[in-house]
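Chains, contacts and geometry: an overview
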Amino acid sequence: MESSFTRYIWTHTSRQQIWILCVVMVSMIPYYLAFDLPKMIINGPIQGDGFETVSDRQTFFSFLSFDGLQLDRTEALVFLSLCFLSLVIINGVFKYYINTYKGLLGERLLRRIRFDLIDRILRFLPVEFKRIKGGEISSMIKDEVEPLGGFTAEAFVQPVLLGGQALTALAFIFVQHVWLGGVALFMASVQMLVIPRLRRRLLVLGRQRQIKARQLAGRVSEIVDGIDTIHTNDTSNYERADVASRLGVLFKIRYEIYQRKFKIKFLNNFLAQLTPFLFYLIGGYLAITGRLDVGQLVAVITAYKELPGPLKELIDWDMARQDVQVKYEQIVEQFDAEQMLLPTVQAIDTGESGNTIRLDKPLSAVNLVVEDEGGAVILDSVSVSVEGGQRIAVVGDAYSGANVLAEAFAGVVKPARGKIMAGKDNLSTLPESVTGRRITYVSADTYYFSGSLEENLLYGLKHRPLNEVEYNDKGSMRRLWEQQEAFRTGNPDFDLKSNWIDVDLVNGYSQTTGMMGSIRQVLTVTRLIDDVFDFALHTTIDEHGDDYLAEQIVALRKRVRAELEVTDLTDLIIPFDIDSYNPQAELLDNLVFGILIKAPDDQRSQAGTDFLRYTMALTGLDRLLFEMGMSIAESTRELFDGLAEDHPFFDRLDFMEPAEIPTYRALYQRTRQTEFASVSEEDRYAWIDLAFQYSEPRYRFGLLDDALMDKVIETRKVLLDTAPESLQVLIDVYDPEHYLKQANLIDNIVFGKVDHRFKDAERQVRAIIERLLQRQPELYDRIFRLGLAFNVGAAGRRLTSAQRQKFNFARALLRRSDYYLFNRPITGLDQAQQEQILQNTLYFLSRTNVESGVIWVLASQANARYFDRCITLRDKLIVKDRMLETFEFTPDNLLAEML
Amino acid sequence: MNLNDELNVLRSIPLFSGIKPEALKLLAFASNRMIFQPGQDLFQEGDQANSACILLSGSATIRHDVDGEQKTIGAVAPHTVIGEVALFCDRPRQVTVTASSTVEALLISKDSFQKLMSSCPNTLSNILSELGEQLSRAS
């Protein structure tokens, strides 16, 4: 990137800058005309200059080809007023165009800078990422470059315009009187020289403020990333101290900036006012002594009024220029790595070559030496060759260099000496469109972006857009605009909506089973099928509006029920029954025999609440629930009294936040001695609301006896029988013939609640559902897709750590590559699971991609027996390399059946 | 059986006798109550141990792997604790315990137990005394 921001702007926007300058110049004509016209209107038609008699006429536009317009006084007033209006409109249009165009220039340059910076991040060598912090970098790209865009439009137009205005005023003063012109010039020069000098310290402070603010952003990002560690180590107050200290430094800098800024402003204003003082003094003296005409002095003073404005703005512009230059240098410095991948290494391949190019074989390391950042050797003179189709186990402890060997093959670390070769090609010279596809690398570090599971799984397949998307007229217009704008700002115009997934590069892909077939295979290899099915079962499908699926689920209910009876597992489900209380559901759900739906408006919501309260009062349930709420509070007090608010056991208390305890304590004090009828409505329903959330199996306070359950059922029936039609829509009632839109899939399928008191109840029920769905593969697929639509959250935080590693591994297996480098990828799993997934993987690759080579850095040497060859490293050296008798690996039955 | 009943069962178990009733009740609240159907394992030999089981009702058999064969070495009666070692250390399960009838058990997690201990230091010394008693009886 250019070192000067002004040059950067000029390089990318010179034509537009010249254009806007021309437009600004042209706009000056109507601008100055509009200044002059009011004077003409007042002096002419209004005050009557030139219209002394009624018949007097004046000529307008006589410079045109015809003789001009002969207008009387009234006509002249109307004509000149219309001219004024026209000039107002023309000036407005110019202003609108100039501002929009300036905005456009700024936004384009901003887009270009941001893209340039992100492009550089994508081309940084991995070692650079040990230096930079994600939070700081994102703060720079998001916030710090913002003012650069704003300055772009002012970069050239402003100095020309303001300089012109200032020079004109100065020239006018000189014309009136040379001495006074000299005074004005001297004072202007002092202003232009002194003020920027004083502002230098401001620039230094501004730079410090920028660095400190960026570091603060980096720390905040680190706090968010390490929040679990902060909680578990009780270091939150240390973090508070650190943040407070940084904010203090930032405050000091900012305050000094304010102090200096206003001191300079004061001085600037003073200097600006000093000139008229000199005019009055010197000019007055000259006038008194007869060496200057009074009219000239007035004209000079009037002309001077036009000078300070442009001068001040010019100084401000210069200040802004220096400020953005500093910001720009700061940013460029951060993004200016010594070594960076050449753009050609990541250039997108447009032909078929990306799919057909194979890595030459074998893949070999030749006298490979890898050093860490400090120059210490972490892999020493290793030479090893991997043939296609070979399965190699690499074993060694954490300091052996085993993991470094895999990282070097994958290009994650660069050789200090020696090289990695694919046949006769040096791997470092090959573009990423070859290495990034023909070699698949996965370690225990996982990468997830916020999005669906499916998007995350398919991420490793998205190398280039494969087709042109067909848009309708409106869509193609939009696309054309997007392409043009991308071109103008140096961005690529790849279409994100295009198909990026090349099925030729997908393991186990077939026309019949499609992408879903491949996904299911790799999820079976990594034993994630049940996890995805679980995600699906806990999804609510209302938002998807899939009526067909809803119908199929309702139809499935009876079969599930029958299967539970056959397998004698009916105890695992507590069905929704109008005549009985479901202890696994909360009390409110039992009362309304369904799930409350959010009311479309406050009025309906209030009507619903009123009716529910009325019905409870009718049956007397309100009094019972009021007492129950108080008992819950009493039991909670007994349990948690004296515990600190942050005690971990409060996590089990779903119905009350620790911070609410004092509120409930006060409520208890107010109501415990008061008759039910005398308690205020607000207090009464505070207790009843608490009771609504109660579930006996979960809290076990012993508060739900048969009498209370009977009363709930009685009230439920009254409620459902008498609810007005307008309020019935507020409850998604448990109806065996209809899908419950507010409930998740599993509650819908079993039409009840899984009794979680039974060990493994949900797993057993899920197994039954999966078994039944084997006969309806289409329905199974639809449900499975819901699981794949599960949003994994930021950095995959909605997944467990084991799931993150397994899905990360599955994503790698989905790619059809020549070599697979597995660098202790699933160490977060227990030993038995690791061994089984390893066997599944080798089986899967032997069936779907037999020619591929596998290098697997193992966490346990015992698993080396499943490989053809075992390389042992110790102290950064290969100490043993031997061929092994192939040990039979046994995949999971499901996988064996699938392949 | 509600929280108070569970408290009574816990109080009858020597290991927990040194814990104050209010702390013990909190421990019960923080624990999970689970039903095991006949034939279901409460835990298996070799599993990572992370909780103690208190049998509230039903009975279970204890088995141990001897030369690849599972041999029954004992039975668990109601109101007894099993697998309590898990509360103090990270050893894998040494035996398999299987429900011989429908078993209702309270599972006290190591995590909950240790959190409670860290907030009640006196309780910890009482428990250690009780463990010492048990060790001396065993030797």
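Residues numbered from 1 in each chain as written. Chains lettered and ligands numbered in written order. Predicted model: local features only at pLDDT ≥ 70, side-chain atom pairs only at ≥ 80, totals over all residues. Heavy atoms only, no water.

1. Some points on the interface of chain B and chain A
Taken residue by residue, the interface counts 21 residues in chain B and 22 residues in chain A. Around 2,000 Å² of area is buried between chain B and chain A when both sides are counted, 62% of it from carbon and sulfur atoms. Taken as a group, B:Leu26, B:Phe29 and B:Ile35 account for 34% of the area that chain B buries against chain A, more than any other trio of residues on that side. Between the two partners, chain B and chain A, sit two salt bridges. For B:Lys25, the salt bridge goes to A:Glu638, with nearest N and O atoms at 3.0 Å. The tally of links between chain B and chain A comes to nine residue pairs in polar contact (both at pLDDT 80 or more). Those elements that provide at least two residues to the side of chain B that touches chain A are α1 (3-11), α2 (21-29), β1 (32-36) and α3 (110-119) of chain B. (Contact = heavy atoms within 4.5 Å. Buried area = accessible area lost by both parts, 1.4 Å probe. Salt bridge = Lys/Arg side-chain N within 4 Å of Asp/Glu carboxyl O. Polar contact = N/O pair within 3.5 Å; in protein donor to acceptor, adjacent residues only side chain to side chain. Helix = DSSP H or I, 4+ residues; strand = E, 2+ residues; numbered from the N terminus.)

2. So, empty space enclosed by the protein
Vacant regions in the atomic arrangement are exposed by a probe of water-molecule size rolled over the atoms. All names here are of chain A. Taken as a whole and judged by the stated rule, the model has five cavities of 30 Å³ or more. Within this model, the largest cavity holds a volume of roughly 70 Å³. Every residue lining the largest cavity is listed: Arg 824, Pro 825, Ile 826, Thr 827, Gln 834, Leu 838, Trp 856, Val 857, Leu 858, Ala 859, Ser 860 and Asn 863. Counted as a void, the second largest cavity has a volume near 50 Å³. Taken together, His 12, Thr 13, Gln 16, Leu 105, Arg 108, Leu 109, Arg 112, Arg 488 and Thr 489 make up the full set of residues lining the second largest cavity. Going through the elements one at a time, α1 (5-46) and α2 (73-123) are the ones with two or more residues in the lining of the second largest cavity. A total of four residues in the lining of the second largest cavity trace back to one element, the largest contributor, which is α2. Of the residues assigned to the lining of the second largest cavity, the class counts are two nonpolar, four polar and three charged. (1 Å grid on protein atoms, 1.4 Å probe; cavity = no way out; pocket = protein on both sides within 12 Å on 5 of 7 lines; lining within 4 Å. Points joined across faces, edges and corners; volume = space filled by probe spheres on them. Nonpolar A, V, L, I, M, F, W, Y, C, P; charged D, E, K, R; others polar.)

3. Overview of the nonpolar core
Counting 82 residues, the largest nonpolar core has A:Leu523 and A:Phe807 as its most contacted members. Element by element, the count of residues in this core is highest for helix α18 (residues 547-566) of chain A, at seven residues. Excluding anything up to four places from it in sequence, A:Phe807 contacts A:Tyr448, A:Leu453, A:Leu457, A:Leu523, A:Leu528, A:Val532, A:Phe535 and A:Leu799. By size, the runner-up hydrophobic cluster in this structure holds 75 residues, among which are A:Phe611, A:Met616, B:Phe16 and B:Leu116. (Core = buried A, V, L, I, M, F, W, Y, C linked by side-chain atoms within 4.5 Å. Buried < 20%, exposed > 50% of the residue type's maximum accessible area, 1.4 Å probe, protein only.)

4. Some details on the packing of aromatic side chains
Residues and elements named next belong to chain A. Counting across every chain of the model gives 37 aromatic pairs over all chains. Ring centres 4.9 Å apart and planes at 70° place the aromatic pair Phe 809 and Phe 822 in the edge-to-face group. Pair noted here: Phe 809 is in helix α30 (residues 801-813) and Phe 822 is in strand β13 (residues 819-823), with a separation of 13 residues, a long-range link. There is no split in this pair, since Phe 809 and Phe 822 are both buried. (Phe/Tyr/Trp six-rings, centres within 6.5 Å; stacked < 30°, edge-to-face > 60°.)

5. A word on the sheet that holds strand β3 (residues 51-57) of chain B
All names here are of chain B. What the four strands build is an open sheet, ordered β1-β8-β3-β6; its pairing is antiparallel. The open sheet terminates on both sides in strands that have one partner only, identified here as β1 and β6 (81-82). Bridge analysis of β3 against β6 gives two bridges, and the strand direction is antiparallel. For Ile 54, the partnering residue across the bridge sits in β6 and is Val 81. (Pairing = 2+ DSSP bridges.)

6. Here we look at helix α20 (residues 602-619) of chain A
Residue and element names in this part refer to chain A. Look at α20: 26 Å from first C-alpha to last across 18 residues, which is about the 26 Å you get at 1.5 Å a residue. Within the span of α20, buried status applies to Gly 608, Phe 611, Leu 612, Thr 615, Met 616 and Thr 619. Buried residues of α20, viewed axially, fall in a sector of 130°; they line one side. Exposed residues on α20 whose side chains face more than 90 degrees from its buried face are Asp 602, Gln 603, Tyr 614 and Leu 618. You can read the cap of α20 off the contacts: a side-chain oxygen lies 3.2 Å from the backbone nitrogen of Gln 603, and it is on Asp 601. Positioned one or two residues after α20, Gly 620 has a phi angle of 85°, which is positive. (Expected span 1.5 Å × (residues − 1). Arc of directions from axis to C-beta.)

7. Regarding a nonpolar patch on the surface
Residues and elements named next belong to chain A. On the surface, Met 25, Val 26, Ile 29, Leu 33 and Val 160 cluster together to form a nonpolar patch covering roughly 430 Å² of accessible area. No other element matches the four residues that α1 contributes to the nonpolar patch. With respect to the helices and strands, the residue Ile 29 is situated in helix α1. (Patch = residues over 30% accessible without salt bridge, like charges linked within 9 Å, V, L, I, M, F, W, Y side chains within 5 Å. Areas by Shrake-Rupley, 256 points an atom, 1.4 Å probe, with all protein chains shown as cover.)

8. Section: the environment of A:Ser433
Residues and elements named next belong to chain A. Mapped onto the secondary structure, Ser 433 falls in helix α13 (residues 432-438). Taking C-alpha positions, Ser 433 is 39 Å from Lys 212, a pair spaced 221 residues apart along the chain. Ignoring sequence-local partners within four residues, the contact set of Ser 433 consists of Val 345, Ala 347 and Asp 349.

9. Thoughts on the packing of helix α16 (residues 514-525) of chain A against helix α31 (residues 831-848) of chain A
Residues and elements named next belong to chain A. Packing of α16 against α31 brings their axes to within 8 Å, and their N-to-C directions diverge by 145°. Touching Gln 521, Val 522, Thr 524 and Val 525 of α16 are Ile 837, Asn 840, Thr 841, Phe 844 and Thr 848, all from α31. Of the residues that constitute the contact of α16 with α31, the class distribution is four nonpolar, five polar and no charged. (Axes fitted to C-alpha atoms, helices over the stretch in contact; angles between N-to-C directions.)

10. So, the packing of α2(A) against helix α3 (residues 134-144) of chain A
Residues and elements named next belong to chain A. Viewed as axis vectors pointing N to C, α2 and α3 meet at an angle of 160°, and their least axial separation amounts to 9 Å. Comparing their axes, α3 and α2 come out roughly antiparallel. The handedness of the crossing between α2 and α3 is left-handed. On the side of α2, the interface is formed by Arg 114, Leu 117, Ile 118 and Ile 121, while α3 contributes Ile 137, Ile 141 and Lys 142. Class assignment of the residues belonging to the contact of α2 with α3 gives a composition of five nonpolar, no polar and two charged. (Parallel < 35°, antiparallel > 145°, perpendicular 65-115°, else oblique. Left-handed = near helix turned anticlockwise from the far one by under 90°.)

11. Some points on the sheet that holds strand β8 (residues 439-443) of chain A
Residue and element names in this part refer to chain A. Judged by pairing direction, the sheet is mixed, and its six strands sit side by side in the order β8-β13-β14-β5-β15-β16 without closing on themselves. Every other strand in the sheet has two partners, leaving β8 and β16 (877-883) as the edge strands with one partner each. For this sheet, the mean inter-axis angle between neighbouring strands, taken without regard to orientation, is 15°. Note: β13 against strand β14 (residues 853-857), five bridges, orientation parallel. When the sheet's bridge partners are listed, Asn 823 is paired in β14 with Val 857. Helix-sheet contacts for helix α12 (residues 402-410) involve β5 (391-395), β8, β13, β14 and β15 (869-874), and the interaxial angle to β13 is about 145°. The strands touched by α30 are β8, β13 and β14; relative to β8, the strand with the most contacts, the crossing angle is about 175°.

12. Digging into unusual backbone geometry
Residues and elements named next belong to chain A. With an omega dihedral of 0°, the bond running from Lys 361 to Pro 362 counts as a cis peptide bond. Secondary-structure assignment places Pro 362 in the loop between α11 (353-356) and β3 (363-371). One non-glycine residue with positive phi stands out, namely Phe 751, at about 45°.

13. A few points about the pairing of β8(A)
Residues and elements named next belong to chain A. With four of five residues buried, β8 lies mostly within the body of the structure. As paired strands, β8 and β13 are joined by five bridges and run parallel to one another. Counterpart to Ser 443 in the pairing with β13 is Asn 823.

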